[in-house]
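A look at the structure
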Amino acid sequence: MRSRETLTRAEIAEAIHRKLGLSRSESLAMVEAILQHMCVALAKGENVKISGFGTFLLRDKGERVGRNPKTGVEVPITPRRVMTFRASQMLKDRIAGT
């Protein structure tokens, strides 16, 4: 079981190579194309949903006042767009081992 390791693009491409029999370069190109497509969609403001895995959601946060935890000085935080990930129930169940 992976606990503190990181799954990389190369490892995903290698798994595709072994499972589907595509060449290593084709497998890596497929991974890159999928990630590029996701990045373009997110950059255009679209959410990305992968059924059985989860949803990458974009949220616009308004301007607010923050506080420096060391000094207590109030600082304005500018409005920004953030991305969050919401795991599907299927993924949550697999992670929990049920």
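Calculation notes
- Think of each chain on its own: its residues are numbered from 1, step by step along the sequence as written.
- Reporting of local features is limited, given that this is a predicted model, to residues whose pLDDT is at least 70; pairs of side-chain atoms are given and counted only at 80 or more, and all residues count toward the totals for whole chains, interfaces and linings.
- Think of the side-chain values as coming from all heavy atoms in the structure, minus any hydrogens and water.
- For two strands to count as paired, DSSP must find a minimum of two bridges between them.
- For helices the rule is a DSSP run of H or I covering at least 4 residues; for strands it is a run of E covering at least 2, with both sets numbered from the N terminus onward.
- Orientation is described by lines fitted to C-alpha atoms, with helices fitted over the stretch in contact, and by angles between N-to-C directions that extend from 0 to 180 degrees.
- A contact between two residues is defined here by any heavy atoms of the two lying within 4.5 Å.
- Any carboxyl oxygen of Asp or Glu that lies within 4 Å of a side-chain nitrogen of Lys or Arg is treated as forming a salt bridge with it.
- Each residue gets one of three labels from its accessible area relative to the maximum for its type: buried under 20%, exposed over 50%, partly exposed in between, using a 1.4 Å probe on protein chains only.

Another aspect to go through is the sheet that holds strand β1 (residues 48-50). Through backbone hydrogen bonds, the strands of a sheet pair up, either in parallel or in antiparallel fashion. Taken in spatial order, the three strands line up as β1-β2-β5 in an open sheet, and their pairing is antiparallel. Of all strands in the sheet, those with a lone pairing partner are β1 and β5 (80-87), marking the two edges. Ignoring strand direction, the axes of neighbouring strands in this sheet form an average angle of 20°. Direction of pairing for strand β2 (residues 54-61) relative to β5: antiparallel, over a ladder of eight bridges. Paired with aspartate 60 across the bridge in β5 is arginine 81. Its contacts with the sheet put helix α2 (residues 24-43) on β1, β2 and β5, and the angle it makes with β1 is roughly 140°.

Okay, the pattern of salt bridges next. Side-chain pairing between opposite charges can occur once the charged atoms of the two side chains come close. Taken as a whole, this structure holds five salt bridges when the rule is applied. With its nearest N and O atoms 3.7 Å apart, the salt bridge here joins lysine 44 to glutamate 46. Judged by its relative accessible area of 62%, lysine 44 is exposed. Glutamate 46 sits in the partly exposed class, given a relative accessible area of 39%.

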